[in-house]
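Reading the structure
If you want the building blocks of each chain, they are given just below.
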Amino acid sequence: MIIRELILEVGELKERIANLEKSMALYEEETRLPAVTENLFLQGESYEKLGRLYKEGYHVCPASFGQVRQGECLFCIAFMEKE
Amino acid sequence: MKFIIEKGQLSTLTTLVHRAASNKATIPALSGILIEASREKGLTMTATDMEIGIKTSTEQVDIIEEGTVLVNAQYFSDFIKLLPDSPVTISLNHETSKLDITYGRSTGHINIYDNQEHPGLPVKEALEKITLPQKVLREGLKKTAFAAAHNHFRQVFTGVLFDILEDGMLKIVASDTHRLTQYTYMLEEKGLEPFNFIIPIRTINEILRVLDDSEEKISICTTENHVVFQKPRFLLVSRLIEGQYPSYDNVIPGTFKTEVDIDAYKFTTALERARIVPADERIKIPQIQIYLEGQEAVFKTYSEMMGEIIEVIEGVDIKGESPFKIVFNTNYLLEIARIYAGEGEKVNIKFSGSLSPALITNPERDNYLYVIVPLRTSTSN
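Note that this is a predicted model, so its numbers are computed, not measured.

Criteria and thresholds
Residues numbered from 1 in each chain as written. Chains lettered and ligands numbered in written order. Predicted model: local features only at pLDDT ≥ 70, side-chain atom pairs only at ≥ 80, totals over all residues. Heavy atoms only, no water. Domains from an automatic or database assignment. Contact = heavy atoms within 4.5 Å. Buried area = accessible area lost by both parts, 1.4 Å probe. Salt bridge = Lys/Arg side-chain N within 4 Å of Asp/Glu carboxyl O. Polar contact = N/O pair within 3.5 Å; in protein donor to acceptor, adjacent residues only side chain to side chain. Core = buried A, V, L, I, M, F, W, Y, C linked by side-chain atoms within 4.5 Å. Buried < 20%, exposed > 50% of the residue type's maximum accessible area, 1.4 Å probe, protein only. Helix = DSSP H or I, 4+ residues; strand = E, 2+ residues; numbered from the N terminus. Pairing = 2+ DSSP bridges. Axes fitted to C-alpha atoms, helices over the stretch in contact; angles between N-to-C directions. Phe/Tyr/Trp six-rings, centres within 6.5 Å; stacked < 30°, edge-to-face > 60°. Lys NZ or Arg CZ within 6 Å of the ring centre and 35° of its normal. UniProt positions renumbered as here; feature names shortened; annotations may be inferred. Nonpolar A, V, L, I, M, F, W, Y, C, P; charged D, E, K, R; others polar.

Looking at the domain arrangement of chain B
Residues and elements named next belong to chain B. Domains assigned within chain B are domain 1 (2-117), domain 2 (128-249) and domain 3 (252-372). Counting from both sides, the interface comprises 14 residues of domain 2 and, opposite them, 14 residues of domain 3. Approximately 1,300 Å² of surface area, both sides summed, lies buried where domain 2 meets domain 3, with 51% of it carried by carbon and sulfur atoms. Our enumeration of links across domain 2 and domain 3 arrives at three salt bridges. Here K143 ties to E343 by a salt bridge, and the two come within 3.0 Å at their closest N and O atoms. Where domain 2 meets domain 3, there are nine residue pairs in polar contact (both at pLDDT 80 or more).

Here is the structure:
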């Protein structure tokens, strides 16, 4: 019985962590929003910097920005083409 | 608890559920199958490792005494699988606290766990529900799931996105960031609020095992953190992948420079042959160069170790800029080509540049598409 209760409690904790992570992601998104909006209107030099960063092997797409890239990324290309 | 059941029927049930049980021995209850014998509901089996859970049942059983027992999933299913094709009597021996499995004049005695410790399935009140024919879901998953990543630091890419749009359109999407697959289906439900969820690839593989090519409906319900697949006498519940799937519409190219219609069979067999050329040890990715000119498509693969294969496919219909050259990962292109090989006569590939993603579609059906990013080689720039 104790193990069953522990399992259920672990399940509930996992759900609470998932909800907290979701709230944190929302919070981060809200606080990051101005920077993203700014990026949407990147012109000239900033665009070149993005391209350089991508060529050096890093993600520039919002989903994985700054992470090391393994091969070409559809989302980075779409993001750069949108600019 | 005591019941008599045909071996085939018993084996079908255990094969379906045992994979949901945990293969780690840390919590014995999670590595078990919960067997419930009830005169009203028949024989029900349940297993879960808390990430995924499966419950299935049958009425083709003779229940002599009702009861519930929890046994190790692996031992039980391995044993049942190897039994002769004859009726099997399963009974709980209260004196020895073992499960007696009798077939002919032989008997196996399996240890049991405390069934009170089994957590059951985390099925909660559904927030959203959609229903679709099994064959549609099967086709949608078979045409998309292979493109999901096995490992990725962004967990969303290790799952398959179900995106339900305002007009009732269901889009099933998978991507490992190098390629993207999309399958669309118009749901029968009207007035749905848009919602989406991401299902882990392990769950997709399990659900694919039970789907058939019938029109029989399967329902998909979501709760806050789980998805539940349900059809008569079968239920699968799985934890969802948390996180926001990146905007995938932007990834699908809309303007093109070159377009080619190519024979699906010739395309696939050329790639199958190209696949045997080993990848360069330095790059480790098998590459295929496609060169389009006039009415010919030339597929070229090269390996320092093996040599090279140059395949020429004549009579292709090329529109737009030509000559045109592009390089792809052979495996990625082959996985897509195999889908088309049994689907129709032609494959349509649209290119927006040597370094830009290509769009691959079936000219006869517009409900699925593939986007694939080319490889950047020393000669690409």
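The rest of the description comes next.
Some details on the nonpolar core
Note on soluble globular proteins: their nonpolar side chains tend to be buried together. Formed by 98 residues in total, the largest nonpolar core has its most connected members in B:F3, B:I35, B:F76, B:L99, B:L141 and B:F162. It is helix α6 (residues 330-341) of chain B that provides the largest number of residues to this core, a total of seven residues. In this structure B:L99 touches B:M1, B:I35, B:V69, B:V71, B:F76, B:I90, B:S91, B:L92, B:G108, B:H109, B:I110 and B:I112, once residues within four positions along its chain are discounted. One finds A:C73, A:M80, B:I241 and B:Y248 within the second-largest nonpolar core, a separate group that totals 28 residues.

Observations regarding the sheet that holds strand β11 (residues 159-164) of chain B
Spatially, nine strands are ordered β14-β11-β12-β13-β26-β25-β24-β18-β22 (chain B) in an open sheet, and the strand pairing comes out antiparallel. Each end of this open sheet is capped by a strand with a single partner; those strands are β14 (195-200) and β22 (317-320) of chain B. Here the strands of the sheet are splayed against their neighbours by 20° on average, with no regard to which way each runs. Of the pairings in the sheet, the one linking strand β25 (residues 358-362) of chain B to strand β26 (residues 365-372) of chain B comprises five bridges and is antiparallel in character. Bridging from a neighbouring strand, B:A358 pairs with B:I372 of β26(B). Its contacts with the sheet place helix α3 (residues 74-82) of chain A against β12 (169-175), β13 (179-186) and β26 of chain B, and it is angled at close to 85° to β13(B). Against the sheet, helix α3 (residues 134-142) of chain B touches β11, β12, β13 and β26 of chain B, its axis set at about 165° to β13(B).

Here we look at the packing of aromatic side chains
Residues and elements named next belong to chain B. Evaluation of the coordinates by the stated rule reveals 12 aromatic pairs over all chains. For the pair F157 and Y245, a centre-to-centre distance of 5.8 Å together with 70° between the ring planes defines the contact as edge-to-face. Taken together, the positions of F157 in the loop between α3 and β11 and Y245 in the loop between β17 (234-239) and β18 (258-263) put the pair 88 residues apart, joining distant regions of the chain. Take F157: its relative accessible area is 1%, and that puts it in the buried class. Their ring planes at 40° and their centres at 4.9 Å tell us that F324 and F351 sit as a pair that is tilted. Here F324, found in strand β23 (residues 324-329), pairs with F351, found in strand β24 (residues 346-351); they are 27 residues apart in sequence, far enough to count as distant. A single burial state applies to F324 and to F351, both of which are buried. Aromatic rings pair up to connect F146, Y340, Y368 and Y370 into one cluster. The ring of Y332 carries R179 above its face, with NZ or CZ at 4.0 Å from the centroid.

What to know about the UniProt feature "domain: DNA polymerase III beta sliding clamp central" (unreviewed entry) in chain B
This chain's UniProt record puts "domain: DNA polymerase III beta sliding clamp central" (unreviewed entry) on residues 131-246 of chain B. Between the end C-alpha atoms of residues 131-246 of chain B there is a gap of 25 Å, over a span that is 16% helix and 41% strand.

What about the pattern of salt bridges?
Residues and elements named next belong to chain B. If you walk through the whole model with that rule in mind, you get 21 salt bridges over all chains. Residues K135 and E215 are paired through a salt bridge, measuring 3.0 Å at the closest nitrogen-oxygen approach. Placement of K135 in helix α3 and of E215 in the loop between α4 (201-210) and β15 (217-222) is noted, with a sequence separation of 80 residues between them. Measuring nitrogen to oxygen at the nearest pair gives 2.9 Å for the salt bridge that ties E139 to R365.

Side note on the interface of chain A and chain B
Listed as interface residues are 28 residues of chain A and, on the opposing side, 36 residues of chain B. For the chain A and chain B pair, buried surface summed over both sides reaches about 2,700 Å², with 60% attributable to carbon and sulfur atoms. In this structure, A:E72 engages B:R376 in a salt bridge whose closest nitrogen and oxygen atoms are separated by 3.6 Å. Applying the counting criterion to the chain A and chain B interface returns three residue pairs in polar contact (both at pLDDT 80 or more). For the side of chain A that touches chain B, the secondary-structure elements that each account for two or more residues are α1 (2-40), α2 (44-55) and α3 of chain A. A total of 10 residues in the side of chain A that touches chain B trace back to one element, the largest contributor, which is α1(A). When its residues are assigned to classes, the side of chain A that touches chain B shows 13 nonpolar, seven polar and eight charged.

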